[in-house]
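Here is how the chains run, residue by residue.
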Amino acid sequence: MPSMVTIAEIDDWLPQTQCTQCGYPNCRAYAEALADGDADINQCPPGGDHTIRGLALLLDIGSRPLNPSFGRHHSRCVAIIKEDRCIGCTLCIQACPVDAIVGAAKHMHTVMEQECTGCELCVPACPVDCIDLHPAARRAPEVSWRWPDFSPADTDRARRRTTARQQRLAAQKARRDARKHAQRLAQNRHRRQIKQEIQSAVTRVRTRRAESRTKRS
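Throughout, residues of each chain are indexed from 1 in the direction in which the sequence is written. Residue-level local features of this predicted model are given only where pLDDT is at least 70; pairs of side-chain atoms are given and counted only at 80 or more, and the full residue set underlies all totals for whole chains, interfaces and linings. Side-chain numbers come from the whole structure's heavy atoms, not from hydrogens or water.

(A) Region of interest: the pairing of strand S1 (residues 77-81). Most of S1 is tucked away: 4 of the 5 residues are buried. For two strands to pair, DSSP has to find at least two bridges joining them. Helix and strand assignments follow DSSP, with helices taken as H or I runs no shorter than four residues and strands as E runs no shorter than two, numbered in order from the N terminus. Relative to strand S4 (residues 131-135), S1 runs antiparallel, the two being bridged by 5 bridges. Bridge pairing in S4 places isoleucine 81 opposite isoleucine 131. Here's how the labels work: a residue is buried when its accessible area is under 20% of the maximum for its type, exposed when over 50%, partly exposed in between, all with a 1.4 Å probe on protein chains only.

(B) Seen up close, the packing of aromatic side chains. Pairing of aromatic rings covers Phe, Tyr and Trp, the last counted by its six-membered ring, and requires centre-to-centre distances within 6.5 Å; plane angles under 30 degrees mean stacked, over 60 mean edge-to-face, and any other angle means tilted. Following the criterion strictly, the structure yields 1 aromatic pair and no others. Seen from their ring centres, tyrosine 24 and tyrosine 30 are 6.0 Å apart, and the 20° between their planes marks the pair as stacked.

(C) Region of interest: the nonpolar core. Ile10, Leu14, Tyr30, Leu34, Ile41 and Leu55 are the most contacted members of the largest nonpolar core, which totals 19 residues. Mapped by element, the contributors of at least two residues to this core are helix H2 (27-36) and helix H3 (48-59). The greatest single-element share of this core, amounting to 6 residues, is contributed by H2. In contact with isoleucine 41, other than residues within four places in its own chain, are Tyr30, Leu34, Ile52, Leu55, Ala56, Leu59, Ile61, Gly62, Ser63 and Arg64. What makes a nonpolar core is a set of buried Ala, Val, Leu, Ile, Met, Phe, Trp, Tyr and Cys residues whose side-chain atoms join them at distances within 4.5 Å. Counting residues in each nonpolar core, the second largest holds 18 residues, with Cys96, Val111, Cys126 and Ala158 among its members. Contact criterion: two residues are considered in contact whenever any of their non-hydrogen atoms come within 4.5 Å of each other.

(D) View of the pattern of salt bridges. Salt bridges are counted wherever a side-chain nitrogen of Lys or Arg sits within 4 Å of a carboxyl oxygen of Asp or Glu. Tallied over the entire structure, the rule returns 13 salt bridges. Residues aspartate 154 and arginine 76 are paired through a salt bridge, measuring 3.1 Å at the closest nitrogen-oxygen approach. Here aspartate 154, found in helix H6 (residues 152-216), pairs with arginine 76, found in the loop between H3 and S1; they are 78 residues apart in sequence, far enough to count as distant. On the basis of relative accessibility, which here comes to 7%, the residue aspartate 154 falls in the buried class. Overall, the relative accessible area of 7% leaves arginine 76 in the buried class. In this structure, arginine 157 and aspartate 154 form a salt bridge, with 3.3 Å as the shortest nitrogen-oxygen distance. Residue arginine 157 and its partner aspartate 154 are located together in helix H6, separated by 3 residues, close to a single helical turn. Counted as one network, the salt bridges with shared partners bring together Arg76, Glu115, Asp154, Arg157 and Arg161.

Here it is in structure tokens:
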């Protein structure tokens, strides 16, 4: 890989669906693996030949067909929830990498179609099979842009939403960890306090017994 190519430049050639089909948890992780030489350029089904050719040119290596073991390329889709069947389990919300699904526990969920990347991760997460994929509305082609199904605004927004979600989840985990740590400290203090009280009681009993023996003698 040319030394001047950055992870950000590689990531810019990925469509930001965050679908994990490439074998990595998100597009950025795939870009990092490409930069490290740990992944191949033909592992992104949503990007298809456009992404493969762009990465080949960027990294100055030969192009190759999409590896079918990672999936097949198809036009962009969006998820639609059959709201009358939704049970409000929140599993699809937890699965969505760009926070494109809104709702609350035991209440109907819905997909913000303009934010959906068509990653499909919500489909297997749904226990009642109430999520379908539909072809996304086609956009007017942009001159010299990379993919017919993803605009610069689409990819930039998906990247930002992914980053925001990761930061939110990291902050939530940090708060949970802090609470658990505080609980452990409190439990340890309580155990030490009980141990000290027991030790004090034992000492008092031994002292009284010793005093009693002294008096008898």
